[in-house]
Amino acid sequence: MKIATIIIRILIGLLLLFASVSFFLKLVPEPVTTGDFKAFQVGLVASVYLMPLAKTVELLCGLAYISGKFVTLANIVILPVSLNILLINYFLSPETLPIAIFVFLGNLFLIYRYWDNYKSVFTM
């Protein structure tokens, strides 16, 4: 189980790093979008601070996953981002849904594996 935790942590970390670095350095061309997803994406781009903030969070959490430091914090910080990725892909862009499912379920798995670190948060 420890090896599975390390593998999932590294894979999610690499995926988050790739997504954030490619956003900031414009490594990958923007995909052609249509319909509701295009309207949603135009709204995200119009809010100047939202995408850079989300990608910065992805970058920091990806670095935490890769290094193995602050993984407990990164799990909680990236949970709303991974939930949003899952819901956006489910409703607006189902062709990329498997990657979103992997990120969300991997995040839940890592929270489960590091649950002992969260017990003090839920005690009175």
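These numbers come from a predicted model, not from an experiment.

*Asks:* I keep staring at the packing of aromatic side chains and nothing clicks. Help me out?
*Replies:* Aromatic ring pairs are described here by two measures, namely the spacing of the ring centres and the angle between the planes. Per the counting criterion, the structure on display carries four aromatic pairs. For the pair W115 and F122, a centre-to-centre distance of 5.5 Å together with 20° between the ring planes defines the contact as stacked. Residue class for W115 comes out partly exposed when judged on its relative accessible area of 37%. One aromatic cluster is present, built from ring pairs that chain together W115, Y118 and F122.

*Asks:* Can you help me understand the nonpolar core in this one?
*Replies:* Across soluble globular proteins, nonpolar side chains show a tendency to be buried alongside one another. Of all hydrophobic cores here, the largest spans 12 residues; its members are I8, I12, L16, C61, A64, Y65, V71, A74, I78, V81, F109 and L110. Of all the elements in the fold, those that place two or more residues in this core are α1 (2-25), α3 (50-67), α4 (71-91) and α5 (97-113). With four residues, α4 is the largest single contributor of residues to this core. For L16, the contacting residues outside a window of four places in its chain are E58, C61, G62, Y65 and I78.

*Asks:* How should the environment of L63 be read in this particular structure?
*Replies:* Mapped onto the elements of the fold, L63 is located in helix α3. Along the primary structure L63 and L44 are separated by 19 residues, whereas in three dimensions their C-alpha atoms are 24 Å apart.

*Asks:* What am I meant to see in the side chain of N107 here?
*Replies:* Positionally, N107 belongs in helix α5. Of note is the side chain of N107, whose polar atom sits 3.2 Å from the side chain of S82.

*Asks:* Sorry if this is basic, but what is going on with the environment of V103 here?
*Replies:* Mapped onto the secondary structure, V103 falls in helix α5. Exposure remark for V103: the relative accessible area of 7% places this residue in the buried category. Spatially, the C-alpha atom of V103 lies 6.3 Å from that of I12, the residues being 91 residues apart in sequence. When near neighbours in sequence (up to four residues on either side) are disregarded, V103 contacts I12, L15 and S82.

*Asks:* Please explain unusual backbone geometry as it appears in this structure.
*Replies:* The general pattern is negative phi for most residues beyond glycine and trans for most peptide bonds. Its identity is not glycine, yet K26 carries a phi of approximately 55°, on the positive side. Within the element layout of this structure, K26 appears in the loop between α1 and α2 (35-46). Even without being a glycine, F70 presents a positive backbone phi close to 60°. Locating F70 in the fold gives a position in the loop between α3 and α4. When its relative accessible area of 67% is taken as the criterion, F70 is described as exposed.

Parameters at a glance
Residues numbered from 1 in each chain as written. Predicted model: local features only at pLDDT ≥ 70, side-chain atom pairs only at ≥ 80, totals over all residues. Heavy atoms only, no water. Phe/Tyr/Trp six-rings, centres within 6.5 Å; stacked < 30°, edge-to-face > 60°. Buried < 20%, exposed > 50% of the residue type's maximum accessible area, 1.4 Å probe, protein only. Core = buried A, V, L, I, M, F, W, Y, C linked by side-chain atoms within 4.5 Å. Helix = DSSP H or I, 4+ residues; strand = E, 2+ residues; numbered from the N terminus. Contact = heavy atoms within 4.5 Å. Polar contact = N/O pair within 3.5 Å; in protein donor to acceptor, adjacent residues only side chain to side chain.

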